Amino acid sequence: MKFHILTLFPEMFAGPLSTSIIGRGVESGLLGFELYNIRDYALDRHRTVDDAPYGGGAGMVMKVEPLTACLEEATRNAPGARVLLASPRGTPLTQKMAAELATEREIVVVCGRYEGIDERVRELFSAVEFSIGDYVLTGGELAAMVLVDAVGRLVPGVLGSSESAEDESFSAGLLEYPHYTRPPEFRGLKVPEVLLSGNHKEIARWRRTQALLKTSRIRPSLLETADLTGEDLRVLQELEQGGAR
Ligand code: 9D3
């Protein structure tokens, strides 16, 4: 999978693209990146990339001409690729979207800065806007990195066998159970006995209950779409009654 990333700050990407799982994906040739500095496509003397909004108001808008020239270059390099636009008004990125994008050969991602991008860019390239959540960032770069991370790790071969994405469907839409490793006691805090018991059936039951408890506390709406068994529903009902929340 090759990502074509259009940004005014290409240097921001150096860390995430060279580190850990994504960095290894690049090393192994499974992932590729091309960074485009949008300013290189501004043709005036001052290399202007922004201007005041028509209709007035605060802030600046990214100009259509440099972005179009830059996108024309990127889409020449990636014919037929989907064009994504990082934007606070986009569709919230989900694991499902990440999995769909991971099947593409190439993706073009535009990182906005200032108040936003001239709307005609979206129209001209049938760009799809995505957001990473309801909080305000200073630009689209961090959102693009989040997308690259979420999508890149799902490209076949990028995750090692020990990091396999397989057990992600295993948790069936619930928050994960708590994790522990050695030592068995630290500053008086003990690892739950059941995890040391070697009783795998009991361990699985405990983990499932913990996942249900955590989810009902932190993200109760996930329970509406989670893949729950009859036993799960019984456990949840007990939690509700027992006041263990
Ligand atoms: C005053 C209205 N603001 C919209 C909420 C203006 C504005 C704030 C921040 C316009 C652009 C930005 C920069 N943010 C992004 O480019 C962005 C973003 C985000 O802020 N939150 C979550 N996802 C994303 S994706 C791109």
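Residues numbered from 1 in each chain as written. Predicted model: local features only at pLDDT ≥ 70, side-chain atom pairs only at ≥ 80, totals over all residues. Heavy atoms only, no water.

Student: Which parts of the structure should I look at to understand the nonpolar core?
Tutor: In globular proteins that are soluble, nonpolar side chains generally tend to be buried together. In terms of nonpolar packing, the biggest core is built from 27 residues, with Phe-3, Ile-107 and Val-151 touching the most fellow members. Elements with a contribution of two residues or more to this core: strand S1 (2-7), helix H2 (20-27), strand S5 (82-92), helix H4 (95-101), strand S6 (106-111) and helix H6 (141-152). Of all the elements, H6 adds the most residues to this core, at seven residues. With sequence-adjacent residues up to four places away left out, Phe-3 is seen in contact with Leu-31, Gly-32, Phe-33, Glu-34, Ile-107, Val-148, Val-151 and Gly-152. (Core = buried A, V, L, I, M, F, W, Y, C linked by side-chain atoms within 4.5 Å. Buried < 20%, exposed > 50% of the residue type's maximum accessible area, 1.4 Å probe, protein only. Helix = DSSP H or I, 4+ residues; strand = E, 2+ residues; numbered from the N terminus. Contact = heavy atoms within 4.5 Å.)

Student: Even after reading the chapter, I still don't get the sheet that holds strand S8 (residues 128-131), so can you show me in this structure?
Tutor: Either a parallel or an antiparallel arrangement is found when strands of a sheet pair, and the pairing is made through backbone hydrogen bonds. Taken in spatial order, the five strands make up an open sheet running S2-S1-S6-S5-S8, and their pairing is parallel. Looking at the sheet topology across the chains shown, the edges are occupied by strand S2 (32-37) and S8. Across the sheet, the axes of successive neighbouring strands diverge by a mean angle of 30°, strand direction being ignored. Alignment of S5 against S6, held across five bridges, turns out to be parallel. Each bridged residue has a counterpart across the sheet, and for Arg-82 the counterpart in S6 is Ile-107. (Pairing = 2+ DSSP bridges. Axes fitted to C-alpha atoms, helices over the stretch in contact; angles between N-to-C directions.)

Student: Please explain the environment of Val-235 as it appears in this structure.
Tutor: Considering the arrangement of structural elements, one finds Val-235 in helix H11 (residues 230-242). Residues contacting Val-235, with those up to four places away along its chain left out, are Thr-209 and Leu-212.

Student: Teacher, can you tell me more about H11 here?
Tutor: An α-helical turn contains 3.6 residues, so a residue and the one three or four places further along point in the same direction. The end-to-end C-alpha distance of H11, which contains 13 residues, comes to 18 Å, matching closely the 18 Å that a straight helix rising 1.5 Å per residue would cover. Among the residues of H11, those classed as buried are Asp-232, Val-235, Leu-236 and Leu-239. In an axial view of H11, the angular spread of the buried residues amounts to 100°, which keeps them on one side of the axis. Opposite its buried face, H11 presents the exposed residues Gly-230, Glu-238 and Gln-241, each directed more than 90 degrees away. (Expected span 1.5 Å × (residues − 1). Arc of directions from axis to C-beta.)

Student: Sorry if this is basic, but what is going on with the sheet that holds strand S7 (residues 116-117) here?
Tutor: Judged by pairing direction, the sheet is mixed, and its three strands sit side by side in the order S3-S4-S7 without closing on themselves. A single partner strand is all that each edge strand has here, and the edge strands are strand S3 (50-51) and S7. One ladder, built from two bridges, connects strand S4 (residues 61-62) with S7; its direction is parallel. Bridge pairing in S7 places Val-61 opposite Gly-116.

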